[in-house]
Amino acid sequence: MEIKPAHRVSTIKPYFFADLAKTINKLKQSGVDVIRLDIGSPDLPPENFIIQALINAARQPDMHGYGQSGGSSSLKAAFARYYYNRFEIELDPEREVLGLIGSKEGVFNLSQVLINPSDLVLIPDPCYPVYAVGANVAQAETYSMPLLAENGFLPDFKAIPSDIAKRAKIMWLNYPNNPTGAIAPYSFFEKVVAFATKHQIVIAHDAPYVDVCFDNYKAPSILQVPGAKDIAVEFNSLSKIYNMAGWRVGAAVGNPDIIRLLKVYKSQLDSSHFKPIMCAAETALLGDQKWIVRRNEIYQQRRDIIVSTLSQLEFSFEIPKASLYVWARLPGSYQDSILFCDKLLRESGVSVTPGIVYGKSGKGYIRISLVTPGDRLKEAMQRMDDWMKGRN
Ligand SMILES: Cc1ncc(COP(=O)(O)O)c(C=O)c1O
(Lines give C-alpha, C1' and ligand atoms only; values in the text may rest on other atoms or scores of the structure.)
Protein backbone atom coordinates (compact mmCIF):
# COMPACT_ATOMS: atom_id res chain seq x y z
CA MET A 1 0.00 0.00 0.00
CA GLU A 2 1.23 3.51 -0.79
CA ILE A 3 1.29 5.61 2.38
CA LYS A 4 0.29 9.18 1.53
CA PRO A 5 1.10 11.92 4.03
CA ALA A 6 -1.50 14.52 4.98
CA HIS A 7 -1.08 17.76 2.97
CA ARG A 8 -0.47 19.51 6.30
CA VAL A 9 2.75 17.61 6.92
CA SER A 10 3.94 16.88 3.39
CA THR A 11 6.18 19.97 3.32
CA ILE A 12 7.97 19.08 6.57
CA LYS A 13 11.60 18.24 5.88
CA PRO A 14 13.85 16.36 8.28
CA TYR A 15 15.32 18.68 10.92
CA PHE A 16 18.66 19.98 9.57
CA PHE A 17 20.58 18.75 12.60
CA ALA A 18 19.15 15.22 12.31
CA ASP A 19 20.61 14.96 8.79
CA LEU A 20 23.89 16.58 9.83
CA ALA A 21 24.29 14.06 12.65
CA LYS A 22 24.19 11.24 10.05
CA THR A 23 27.02 12.83 8.02
CA ILE A 24 29.05 13.44 11.17
CA ASN A 25 28.60 9.85 12.36
CA LYS A 26 29.86 8.55 9.01
CA LEU A 27 32.93 10.81 9.21
CA LYS A 28 33.61 9.69 12.78
CA GLN A 29 33.32 6.05 11.76
CA SER A 30 35.95 6.68 9.08
CA GLY A 31 38.28 8.05 11.78
CA VAL A 32 37.76 11.83 11.48
CA ASP A 33 38.04 13.71 14.79
CA VAL A 34 34.98 15.94 14.37
CA ILE A 35 34.60 19.08 16.50
CA ARG A 36 30.96 20.14 16.59
CA LEU A 37 30.37 23.89 16.71
CA ASP A 38 27.01 23.55 15.01
CA ILE A 39 24.41 22.68 17.61
CA GLY A 40 23.27 24.76 20.62
CA SER A 41 23.12 22.05 23.27
CA PRO A 42 25.08 23.17 26.39
CA ASP A 43 28.09 20.94 27.12
CA LEU A 44 28.29 21.89 30.80
CA PRO A 45 26.03 20.22 33.38
CA PRO A 46 23.62 22.08 35.65
CA GLU A 47 24.93 22.94 39.13
CA ASN A 48 25.13 20.03 41.54
CA PHE A 49 22.30 21.16 43.86
CA ILE A 50 19.90 20.79 40.90
CA ILE A 51 21.05 17.25 40.13
CA GLN A 52 20.82 16.41 43.83
CA ALA A 53 17.20 17.63 43.89
CA LEU A 54 16.42 15.23 41.02
CA ILE A 55 18.04 12.32 42.85
CA ASN A 56 16.28 13.09 46.13
CA ALA A 57 12.91 13.40 44.45
CA ALA A 58 13.40 10.20 42.41
CA ARG A 59 13.93 8.30 45.69
CA GLN A 60 10.44 9.23 46.92
CA PRO A 61 7.87 6.49 46.28
CA ASP A 62 5.11 8.95 45.28
CA MET A 63 7.13 10.55 42.47
CA HIS A 64 6.63 7.98 39.74
CA GLY A 65 3.06 8.43 38.56
CA TYR A 66 1.77 10.88 35.95
CA GLY A 67 2.50 14.52 36.64
CA GLN A 68 -0.04 17.35 36.47
CA SER A 69 -0.75 18.39 32.88
CA GLY A 70 0.99 21.67 32.05
CA GLY A 71 3.26 21.36 35.09
CA SER A 72 2.69 21.00 38.84
CA SER A 73 1.31 24.00 40.72
CA SER A 74 4.66 24.37 42.47
CA LEU A 75 6.57 24.38 39.16
CA LYS A 76 4.27 27.11 37.80
CA ALA A 77 4.70 29.06 41.04
CA ALA A 78 8.48 28.69 40.70
CA PHE A 79 8.39 30.15 37.16
CA ALA A 80 6.25 33.03 38.45
CA ARG A 81 8.73 33.65 41.29
CA TYR A 82 11.66 33.54 38.83
CA TYR A 83 9.90 36.13 36.64
CA TYR A 84 9.39 38.34 39.68
CA ASN A 85 12.97 37.96 40.95
CA ARG A 86 14.51 38.44 37.54
CA PHE A 87 12.22 41.00 35.85
CA GLU A 88 9.86 42.27 38.58
CA ILE A 89 6.97 40.90 36.55
CA GLU A 90 3.97 39.58 38.48
CA LEU A 91 2.36 36.47 37.01
CA ASP A 92 -0.61 34.48 38.25
CA PRO A 93 0.85 30.94 38.27
CA GLU A 94 -2.45 29.25 37.41
CA ARG A 95 -3.66 31.63 34.68
CA GLU A 96 -0.48 33.14 33.25
CA VAL A 97 2.07 30.31 33.42
CA LEU A 98 2.12 26.95 31.65
CA GLY A 99 4.85 24.34 32.07
CA LEU A 100 6.14 22.92 28.77
CA ILE A 101 8.13 19.82 27.90
CA GLY A 102 10.84 22.07 26.49
CA SER A 103 9.75 25.32 24.90
CA LYS A 104 9.85 23.78 21.41
CA GLU A 105 6.46 22.09 21.85
CA GLY A 106 4.82 25.37 22.95
CA VAL A 107 6.44 27.23 20.05
CA PHE A 108 5.05 24.66 17.61
CA ASN A 109 1.65 24.40 19.31
CA LEU A 110 0.99 28.14 19.40
CA SER A 111 0.16 28.13 15.69
CA GLN A 112 -2.02 25.05 16.14
CA VAL A 113 -4.23 26.82 18.69
CA LEU A 114 -4.43 30.26 17.04
CA ILE A 115 -4.19 29.79 13.30
CA ASN A 116 -6.86 28.96 10.73
CA PRO A 117 -5.84 28.05 7.16
CA SER A 118 -4.56 31.18 5.32
CA ASP A 119 -4.21 33.30 8.45
CA LEU A 120 -1.00 35.29 8.28
CA VAL A 121 2.04 34.77 10.52
CA LEU A 122 4.99 37.19 10.59
CA ILE A 123 8.29 35.37 10.88
CA PRO A 124 11.80 36.78 11.25
CA ASP A 125 14.35 35.74 8.65
CA PRO A 126 16.71 34.21 9.74
CA CYS A 127 15.07 32.42 12.67
CA TYR A 128 14.68 29.23 14.68
CA PRO A 129 12.98 27.00 12.07
CA VAL A 130 10.10 25.81 14.29
CA TYR A 131 8.19 29.13 13.97
CA ALA A 132 7.67 28.49 10.26
CA VAL A 133 7.12 24.73 10.57
CA GLY A 134 4.40 25.27 13.20
CA ALA A 135 2.75 27.91 11.00
CA ASN A 136 2.99 25.70 7.89
CA VAL A 137 1.41 22.72 9.61
CA ALA A 138 -1.45 25.00 10.67
CA GLN A 139 -1.69 25.97 6.95
CA ALA A 140 -0.89 29.60 7.61
CA GLU A 141 0.47 32.04 5.10
CA THR A 142 3.82 33.38 6.29
CA TYR A 143 5.44 36.76 5.72
CA SER A 144 9.18 37.17 6.30
CA MET A 145 10.61 40.04 8.29
CA PRO A 146 14.29 40.25 7.24
CA LEU A 147 16.75 40.71 10.10
CA LEU A 148 19.56 42.73 8.59
CA ALA A 149 22.97 43.65 9.98
CA GLU A 150 22.31 47.35 9.27
CA ASN A 151 19.23 47.24 11.57
CA GLY A 152 21.04 45.38 14.36
CA PHE A 153 19.13 42.24 13.28
CA LEU A 154 15.84 43.75 14.50
CA PRO A 155 12.80 43.70 12.19
CA ASP A 156 11.90 47.00 10.54
CA PHE A 157 8.20 47.54 11.24
CA LYS A 158 8.05 50.41 8.77
CA ALA A 159 8.88 47.92 6.01
CA ILE A 160 5.78 45.80 6.77
CA PRO A 161 3.02 46.82 4.32
CA SER A 162 -0.13 48.02 6.09
CA ASP A 163 -2.37 45.32 4.50
CA ILE A 164 0.05 42.68 5.86
CA ALA A 165 0.08 44.25 9.33
CA LYS A 166 -3.73 44.34 9.24
CA ARG A 167 -4.00 40.65 8.34
CA ALA A 168 -1.26 39.30 10.62
CA LYS A 169 -2.38 37.15 13.52
CA ILE A 170 0.97 36.25 15.14
CA MET A 171 4.38 37.93 15.06
CA TRP A 172 7.37 35.82 16.17
CA LEU A 173 10.31 37.51 17.85
CA ASN A 174 13.34 36.06 19.61
CA TYR A 175 15.86 38.05 21.66
CA PRO A 176 18.60 37.30 22.56
CA ASN A 177 18.46 35.90 19.07
CA ASN A 178 19.23 32.57 17.53
CA PRO A 179 21.04 32.50 15.11
CA THR A 180 22.31 36.10 14.96
CA GLY A 181 23.27 36.56 18.64
CA ALA A 182 21.57 39.99 18.46
CA ILE A 183 19.93 41.59 21.48
CA ALA A 184 16.89 43.88 21.65
CA PRO A 185 16.75 46.90 23.95
CA TYR A 186 13.72 47.49 26.16
CA SER A 187 12.77 50.42 23.88
CA PHE A 188 12.38 47.94 20.99
CA PHE A 189 9.87 45.93 23.03
CA GLU A 190 7.95 49.15 23.77
CA LYS A 191 7.68 49.70 20.00
CA VAL A 192 6.63 46.07 19.48
CA VAL A 193 3.82 46.34 22.02
CA ALA A 194 2.59 49.61 20.47
CA PHE A 195 2.68 48.12 16.94
CA ALA A 196 0.96 44.88 17.98
CA THR A 197 -1.71 46.69 20.00
CA LYS A 198 -2.45 48.98 17.05
CA HIS A 199 -2.75 46.08 14.59
CA GLN A 200 -4.13 43.50 17.04
CA ILE A 201 -1.34 40.99 16.48
CA VAL A 202 -0.34 38.34 19.02
CA ILE A 203 3.35 38.69 19.86
CA ALA A 204 5.11 35.41 20.51
CA HIS A 205 8.43 36.27 22.10
CA ASP A 206 10.73 33.29 22.29
CA ALA A 207 13.32 33.96 25.01
CA PRO A 208 15.28 30.79 25.83
CA TYR A 209 18.61 32.70 25.93
CA VAL A 210 17.44 35.46 28.27
CA ASP A 211 20.01 34.55 30.94
CA VAL A 212 22.88 33.60 28.64
CA CYS A 213 24.44 37.06 28.60
CA PHE A 214 27.98 38.47 28.54
CA ASP A 215 29.81 41.70 29.37
CA ASN A 216 27.37 42.38 32.28
CA TYR A 217 24.45 42.68 29.85
CA LYS A 218 20.98 41.83 31.26
CA ALA A 219 18.33 40.97 28.70
CA PRO A 220 14.81 42.34 29.23
CA SER A 221 11.51 40.45 28.99
CA ILE A 222 8.78 41.78 26.71
CA LEU A 223 6.36 41.37 29.61
CA GLN A 224 8.08 44.26 31.41
CA VAL A 225 6.36 46.63 28.97
CA PRO A 226 3.04 47.89 30.39
CA GLY A 227 0.15 46.36 28.43
CA ALA A 228 2.28 43.51 27.03
CA LYS A 229 0.16 40.82 28.67
CA ASP A 230 -2.82 41.92 26.56
CA ILE A 231 -1.09 40.82 23.38
CA ALA A 232 2.01 38.78 24.22
CA VAL A 233 3.12 35.35 25.26
CA GLU A 234 6.76 34.69 26.13
CA PHE A 235 8.46 31.30 25.89
CA ASN A 236 11.18 30.52 28.37
CA SER A 237 13.24 27.41 28.90
CA LEU A 238 15.67 25.80 31.32
CA SER A 239 17.57 24.27 28.39
CA LYS A 240 20.10 27.04 27.92
CA ILE A 241 19.56 29.12 31.05
CA TYR A 242 20.42 26.24 33.41
CA ASN A 243 22.28 23.83 31.05
CA MET A 244 19.29 21.48 31.14
CA ALA A 245 18.47 20.93 27.45
CA GLY A 246 17.90 17.20 27.77
CA TRP A 247 15.64 17.57 30.78
CA ARG A 248 12.93 19.19 28.65
CA VAL A 249 11.51 21.90 30.87
CA GLY A 250 10.18 25.21 29.58
CA ALA A 251 7.26 27.55 30.09
CA ALA A 252 4.85 29.82 28.27
CA VAL A 253 3.97 32.92 30.28
CA GLY A 254 1.80 35.95 29.65
CA ASN A 255 -1.63 36.41 28.09
CA PRO A 256 -4.06 34.21 30.05
CA ASP A 257 -6.30 33.40 27.05
CA ILE A 258 -3.32 32.08 25.08
CA ILE A 259 -2.07 30.16 28.11
CA ARG A 260 -5.50 28.54 28.50
CA LEU A 261 -5.65 27.51 24.82
CA LEU A 262 -2.16 26.01 24.94
CA LYS A 263 -2.98 24.23 28.17
CA VAL A 264 -6.16 22.57 26.87
CA TYR A 265 -4.47 21.54 23.61
CA LYS A 266 -1.47 20.14 25.41
CA SER A 267 -3.60 18.18 27.86
CA GLN A 268 -4.63 16.00 24.90
CA LEU A 269 -1.09 15.52 23.58
CA ASP A 270 1.22 14.69 26.46
CA SER A 271 1.08 13.51 30.02
CA SER A 272 3.39 16.01 31.66
CA HIS A 273 6.98 15.76 32.91
CA PHE A 274 8.55 13.18 35.18
CA LYS A 275 7.74 14.59 38.64
CA PRO A 276 11.36 14.56 39.94
CA ILE A 277 12.35 16.66 36.91
CA MET A 278 9.72 19.22 37.93
CA CYS A 279 11.10 19.22 41.50
CA ALA A 280 14.64 19.79 40.23
CA ALA A 281 13.43 22.51 37.84
CA GLU A 282 11.83 24.31 40.80
CA THR A 283 15.13 24.07 42.65
CA ALA A 284 16.94 25.56 39.64
CA LEU A 285 14.47 28.45 39.35
CA LEU A 286 14.32 29.26 43.07
CA GLY A 287 17.90 28.40 44.09
CA ASP A 288 21.08 30.46 44.13
CA GLN A 289 21.63 31.99 40.68
CA LYS A 290 25.31 32.92 41.17
CA TRP A 291 26.60 29.93 39.23
CA ILE A 292 24.96 31.36 36.11
CA VAL A 293 27.34 34.32 36.28
CA ARG A 294 30.35 31.97 36.41
CA ARG A 295 28.91 29.84 33.59
CA ASN A 296 28.37 32.93 31.43
CA GLU A 297 32.01 33.93 31.99
CA ILE A 298 33.03 30.58 30.49
CA TYR A 299 30.87 31.21 27.42
CA GLN A 300 32.29 34.72 27.16
CA GLN A 301 35.87 33.36 27.10
CA ARG A 302 34.85 30.90 24.38
CA ARG A 303 33.18 33.69 22.43
CA ASP A 304 36.42 35.65 22.55
CA ILE A 305 38.42 32.70 21.18
CA ILE A 306 36.06 32.50 18.19
CA VAL A 307 35.94 36.24 17.65
CA SER A 308 39.71 36.64 17.56
CA THR A 309 40.05 33.94 14.86
CA LEU A 310 37.15 35.33 12.81
CA SER A 311 38.61 38.84 12.77
CA GLN A 312 41.94 37.51 11.51
CA LEU A 313 40.11 35.62 8.77
CA GLU A 314 38.18 38.73 7.70
CA PHE A 315 34.69 37.59 8.54
CA SER A 316 32.23 40.42 9.29
CA PHE A 317 30.33 40.10 12.54
CA GLU A 318 29.13 41.83 15.70
CA ILE A 319 30.53 40.55 18.99
CA PRO A 320 27.45 38.95 20.60
CA LYS A 321 26.42 40.14 24.06
CA ALA A 322 24.15 37.14 24.59
CA SER A 323 22.97 33.76 23.20
CA LEU A 324 25.13 30.76 22.42
CA TYR A 325 26.20 31.85 18.95
CA VAL A 326 28.54 33.93 16.87
CA TRP A 327 26.92 34.87 13.56
CA ALA A 328 29.44 35.80 10.92
CA ARG A 329 29.37 36.79 7.26
CA LEU A 330 31.81 34.83 5.13
CA PRO A 331 34.75 36.77 3.68
CA GLY A 332 34.19 38.05 0.14
CA SER A 333 35.85 35.12 -1.63
CA TYR A 334 33.19 32.70 -0.31
CA GLN A 335 29.55 32.92 -1.39
CA ASP A 336 27.79 29.69 -0.56
CA SER A 337 27.53 28.90 3.16
CA ILE A 338 26.31 25.32 2.59
CA LEU A 339 29.33 24.56 0.43
CA PHE A 340 31.65 26.32 2.88
CA CYS A 341 30.34 24.35 5.88
CA ASP A 342 30.30 21.05 4.04
CA LYS A 343 33.90 21.43 2.80
CA LEU A 344 35.11 22.71 6.18
CA LEU A 345 33.57 19.67 7.86
CA ARG A 346 34.88 17.11 5.38
CA GLU A 347 38.35 18.62 4.99
CA SER A 348 39.09 19.81 8.54
CA GLY A 349 36.58 17.99 10.76
CA VAL A 350 35.07 21.25 12.06
CA SER A 351 31.29 21.47 11.92
CA VAL A 352 29.59 24.90 11.86
CA THR A 353 26.06 25.69 10.68
CA PRO A 354 25.29 27.31 7.31
CA GLY A 355 23.24 30.47 7.87
CA ILE A 356 20.81 29.64 5.06
CA VAL A 357 19.32 26.89 7.28
CA TYR A 358 17.67 29.73 9.21
CA GLY A 359 16.21 31.54 6.21
CA LYS A 360 17.05 33.42 3.01
CA SER A 361 18.66 36.32 4.86
CA GLY A 362 21.13 33.85 6.36
CA LYS A 363 22.73 33.47 2.92
CA GLY A 364 26.49 33.99 3.13
CA TYR A 365 26.56 33.61 6.94
CA ILE A 366 27.68 30.86 9.29
CA ARG A 367 26.69 30.22 12.90
CA ILE A 368 29.31 29.05 15.39
CA SER A 369 28.14 27.87 18.78
CA LEU A 370 29.84 28.31 22.16
CA VAL A 371 29.11 24.90 23.66
CA THR A 372 32.56 23.34 23.24
CA PRO A 373 35.34 23.46 25.87
CA GLY A 374 38.02 26.11 25.32
CA ASP A 375 40.88 23.75 24.36
CA ARG A 376 38.78 21.98 21.70
CA LEU A 377 37.48 25.33 20.50
CA LYS A 378 41.04 26.62 20.08
CA GLU A 379 41.88 23.46 18.14
CA ALA A 380 38.79 23.99 15.94
CA MET A 381 39.69 27.63 15.28
CA GLN A 382 43.27 26.63 14.43
CA ARG A 383 41.98 24.03 11.97
CA MET A 384 39.61 26.55 10.41
CA ASP A 385 42.42 29.10 10.11
CA ASP A 386 44.72 26.47 8.50
CA TRP A 387 41.96 25.30 6.15
CA MET A 388 41.01 28.78 4.99
CA LYS A 389 44.65 29.70 4.46
CA GLY A 390 45.17 26.53 2.46
CA ARG A 391 47.56 25.00 4.97
CA ASN A 392 46.02 21.51 5.04
C1 LIG B 1 15.30 30.23 19.59
C2 LIG B 1 14.99 28.92 20.19
N3 LIG B 1 13.76 28.68 20.64
C4 LIG B 1 13.43 27.52 21.20
C5 LIG B 1 14.35 26.50 21.32
C6 LIG B 1 13.91 25.20 21.93
O7 LIG B 1 14.39 25.04 23.20
P8 LIG B 1 13.85 23.91 24.18
O9 LIG B 1 15.01 23.07 24.50
O10 LIG B 1 13.30 24.67 25.36
O11 LIG B 1 12.76 23.17 23.48
C12 LIG B 1 15.64 26.68 20.85
C13 LIG B 1 16.63 25.59 20.91
O14 LIG B 1 17.69 25.62 20.36
C15 LIG B 1 15.97 27.92 20.27
O16 LIG B 1 17.20 28.18 19.80
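Our subject is the structure that appears above.
Worth saying up front: this structure is predicted, and the values here are computed from it rather than measured.

## So, the overall build of the protein chain
The helix and strand tally for the protein chain stands at 15 helices and 13 strands. The C-alpha radius of gyration of the protein chain comes to 21 Å, within 12% of the 21 Å expected for a compact globule of 392 residues. Based on the C-alpha atoms only, the size of the protein chain along its principal axes is roughly 60 × 60 × 55 Å. Out of the 392 residues belonging to the protein chain, those deemed buried represent 54%. Sequence-distant contacts, at least 24 apart, represent 74% of the contacts inside the protein chain between residues at least 6 apart. Total accessible area on the protein chain stands at roughly 17,500 Å², and carbon and sulfur atoms take up 53% of it. Within the protein chain, the 40 negative side-chain charges are centred at a point lying 3 Å from the centre of the 44 positive side-chain charges.

## Describing the sheet that holds strand 13 (residues 365-369)
In a beta sheet, neighbouring strands pair by backbone hydrogen bonds and run either parallel or antiparallel. Strand order in the open sheet formed by four strands is 9-10-13-12, and the pairing between neighbours is antiparallel. For this open sheet the edge positions go to strand 9 (316-317) and strand 12 (353-354), each flanked by a neighbour on one side alone. Taken together, the five bridges between strand 10 (residues 325-329) and strand 13 define a ladder with antiparallel strand orientation. Looking at the pairing, Val326 lines up with Ile368 of strand 13.

## Let's talk about the sheet that holds strand 4 (residues 141-146)
If you trace the seven strands from one edge of the open sheet to the other, you get 2-8-7-6-5-3-4, paired in mixed fashion. The open sheet terminates on both sides in strands that have one partner only, identified here as strand 2 (97-100) and strand 4. Averaged over all pairs of adjacent strands, the angle between their axes in this sheet comes to 20°, without regard to strand direction. Of the strand pairs in this sheet, strand 6 (residues 202-206) and strand 7 (residues 232-237) are connected by four bridges, and their pairing is parallel. Bridging from a neighbouring strand, Ile203 pairs with Ala232 of strand 7. Against the sheet, helix 5 (residues 103-114) makes contact with strand 2, strand 5 (168-173), strand 6, strand 7 and strand 8 (250-254), and its axis sits at roughly 155° relative to strand 7, the strand it touches most. Its contacts with the sheet place helix 11 (residues 256-267) against strand 2, strand 6, strand 7 and strand 8, and it is angled at close to 35° to strand 2.

Here is what the cut-offs are and how they apply
Residues numbered from 1 in each chain as written. Predicted model: local features only at pLDDT ≥ 70, side-chain atom pairs only at ≥ 80, totals over all residues. Heavy atoms only, no water. Helix = DSSP H or I, 4+ residues; strand = E, 2+ residues; numbered from the N terminus. Rg over C-alpha atoms; globule rule 2.2 N^0.38 Å. Buried < 20%, exposed > 50% of the residue type's maximum accessible area, 1.4 Å probe, protein only. Contact = heavy atoms within 4.5 Å. Areas by Shrake-Rupley, 256 points an atom, 1.4 Å probe, with all protein chains shown as cover. Lys, Arg positive; Asp, Glu negative; His and termini not counted. Charge placed at Lys NZ, Arg CZ, Asp CG, Glu CD. Pairing = 2+ DSSP bridges. Axes fitted to C-alpha atoms, helices over the stretch in contact; angles between N-to-C directions.

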